[in-house]
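Structure assessment
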Amino acid sequence: MANNTVLVDGGQLTIEDICHIAKQAKSLKLDDTAFFKARINKGAEFINTLLREEGFVYGVTTGYGDSCTVSIPMEHVADLSRHLYTFHGCGLGAHFDPAQTRAIMAVRINSLAQGFSGVRYTLLERISGLLDHDILPLIPQEGSVGASGDLTPLSYLAAVLAGEREVCYQGQVRSAASVFKALCITPLTLNPKEGLAIMNGTAVMTALACLAHQRAAYLAQLNTRITSLVSIALQGNAGHFDERLFGVKPHAGQIKVAGRIRGDLPVAALTGRNDTRLQDRYSLRCAPHIIGVLEDALPWFRQFIENELNSANDNPIIDAENGRVLHGGHFYGGHIAFAMDSMKTAVANLADLMDRQLAQLVDPKFNQGLPANLSGAKAEHAMLNHGFKAVQIAVSAWTAEALKLTMPASVFSRSTECHNQDKVSMGTIAARDCIRVLELTEQVAAATLIAAVQAVELRGAGQPLVLGANVSLTLSQVREHVPFLESDRALEQPLRLCLGLIRDEYWSLYE
Ligand SMILES: N[C@@H](Cc1ccc(O)cc1)C(=O)O
C-alpha cells in the first residue's frame, strides 16, 4: 500500500490516519477486492432477503425511533431514506470547516466498512468518491444530541450523496446538483436502510475527537518547551525537575514532562543547588504535574477514540454472517463525550498554566529584574513603552473563555424525541467545546511563546546565557518569524502568524 494512502478495508484506522485524510496529507483508498465487496454487499442482500421473507425490518419498513410502531407499506419503503435525511435537514450554526468535514466523512465510511450496517459497497464508493473529488457537504455544527447518532449533521452527507443540498467545492459554496452535473456524477438513490446507516452513528463527534487529540498532544509539548523558556528567563530552580524527585511520584506522563524540561535546561543550572530561590511558584514548580495530567490522559483518550472510530456505531446492527438483526444503542456517543469533556478540562488547565507563567514574566515584582511588561525599549524611551501589557490582558481573556467552556456537556442530557431518546450523550457538544478550548489555548500558547522568547533574550542581554540545543532551536525558529519587540508594536499579525505555525506543528519539540 502506497504510504500516501489510508486503506479502508474494515480493519483498524488510527487517529493519525483520520488527521492525514482531513489535512489532505494522505488520501483514502477503499478496498476494491472482490472479497471486501462481497463482504459488504452481503449485508445489503440480507436485508433484501428479510424483506422478501418476513416483510419487516426496523428502520426499513417502520418509522424511526419512537415512531417504530408505524409500519411503512412496501410501495413507500423506497421513499423512507429520503424522508429521513430531509426531515433532519434542520442544522444551524456555523459550518464545519473542510478538514473537519473530510474527517467526518472518513470516520463514517470506516464505520460502514466494518460490514454491520447493511449498506451496498456502492454507497462506500460514493463517499470515497466525494473525498477523491474533495466535494464537501456543507454541514451545520449545531443540532446533534450525540446519542441517536449525529443524525442531523450526518443528514447533510446523506442528502449530498443523493445530489441535494450544498457543498463546498474548490473553495466555493455550490449546490450539490450543479457540481455533480459538472463532474458527470449521478446522484445515488439510497436504499431503505442506507439513510439510517449513514446518519445513525457518532462520526461527527469522533472526527472532531481525532483532530482534537492531535492538537492537544502538540500543545502539551509546546507548553513543556514554554515552561523551560520561562524557567530560564526567571532564573528558576532547575532542581524542581530532578529525576530522583519524580521517581518517587511516578505518573508516567508527569515523569516524561519533567524529563523534557530537564533536558532543555542548561546543564550548569542542574548541577548546583539554587541558592537564590528555593521554591518557584507553582506555575513553574508544578508544571510537570499539570501538563503531565494531559500527557497521562492522552493514551486513554486515544483508546476511547480509536475504539469508537473502528466500531459499527449504528442501529440496527446487521449480522449477515449469522442471519441476525441486532437492535441496540450503538449510536450512543458516551465514550467520546467523556473523552472530550475530560480533554477540554486538561487542555484549559494548560491555558491557565501559561496565563500564570506569562503573568510572572511581565510583572517586575516577580520577574527577577526583567523590564516591566518585557519591554525591549532603550532607557530613553522606556517610559513610553508598554511591551506585552495588552497581550497579557488578552491572554487572561482567552484563558477565562477557555475555562468557562469546561462545563461538562455530558451531564446536560435531555429527554428528547417523545422520551424514546430519554438519555443522550451530548458528545458532539463536548467535542465542539473541546475544539474551541484548543483554539483559545493555542492563542494563549502563541502569546506566551513570543513573550517567553523575548524574556530569555532580555535575560541574556546582560550576560549571555548558555542554552541547550533544543531551546536555542526554538528561539531561532520563533525569531525567523517574529522580531524582538523593542518599541511598541501592534502584535496581532505576529500572533496570528504564530498561531498558524502552532496549528501546522511547525516547531520541532520532543521525540
Ligand atoms: N437512533 C434511532 C433512530 C432514529 C432516527 C431518526 C430519528 O429522528 C429518531 C430516531 C434508533 O436507532 O433507534
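Computed from a predicted structure; not experimentally measured.

Before going further, it helps to spend a moment on the overall build of the protein chain. Counting secondary structure elements, the protein chain contains 20 helices and nine strands. In terms of principal-axis extent, the alpha carbons of the protein chain reach across some 85 × 50 × 45 Å. Within the protein chain, the proportion of its 511 residues that are buried is 55%. Looking at the protein chain alone, contacts between residues at least 24 apart form 79% of all its contacts between residues at least 6 apart. When the accessible surface of the protein chain is totalled, it reaches about 21,700 Å², and 55% of it is carbon and sulfur. Charge separation in the protein chain, taken as the distance between the mean sites of 44 positive and 51 negative side-chain charges, equals 4 Å.

The environment of the ligand is made up of 14 residues, and the closest members are Tyr58, His88, Ser148, Asn200 and Asn315. Within the side chain of His88, an N or O atom sits 2.8 Å from an oxygen atom of the ligand. Asn200 is positioned such that a nitrogen or oxygen atom in its side chain is 2.8 Å from a nitrogen atom of the ligand. The residue makeup of the shell around the ligand, split by class, is seven nonpolar, six polar and one charged. Counting contributing residues per domain, the shell around the ligand is built from domain 1 (5-201) and domain 2 (208-503), each supplying no fewer than three.

Helix α19 (residues 469-479) packs onto helix α18 (residues 427-462) with a crossing angle of 115° between their chain directions and a minimal axis gap of 10 Å. Taken together, the axes of α18 and α19 are roughly perpendicular relative to one another. Where α18 crosses over α19, the two elements pack in a sense that is left-handed. Judged by residue contacts, Leu449, Val453, Gln454, Val456 and Glu457 of α18 engage Thr474, Leu475, Val478 and Arg479 from α19.

Rules behind the numbers
- Residues numbered from 1 in each chain as written.
- Predicted model: local features only at pLDDT ≥ 70, side-chain atom pairs only at ≥ 80, totals over all residues.
- Heavy atoms only, no water.
- Helix = DSSP H or I, 4+ residues; strand = E, 2+ residues; numbered from the N terminus.
- Buried < 20%, exposed > 50% of the residue type's maximum accessible area, 1.4 Å probe, protein only.
- Contact = heavy atoms within 4.5 Å.
- Areas by Shrake-Rupley, 256 points an atom, 1.4 Å probe, with all protein chains shown as cover.
- Lys, Arg positive; Asp, Glu negative; His and termini not counted.
- Charge placed at Lys NZ, Arg CZ, Asp CG, Glu CD.
- Near = heavy atom within 4 Å.
- Polar contact = N/O pair within 3.5 Å; in protein donor to acceptor, adjacent residues only side chain to side chain.
- Nonpolar A, V, L, I, M, F, W, Y, C, P; charged D, E, K, R; others polar.
- Domains from an automatic or database assignment.
- Axes fitted to C-alpha atoms, helices over the stretch in contact; angles between N-to-C directions.
- Parallel < 35°, antiparallel > 145°, perpendicular 65-115°, else oblique.
- Left-handed = near helix turned anticlockwise from the far one by under 90°.

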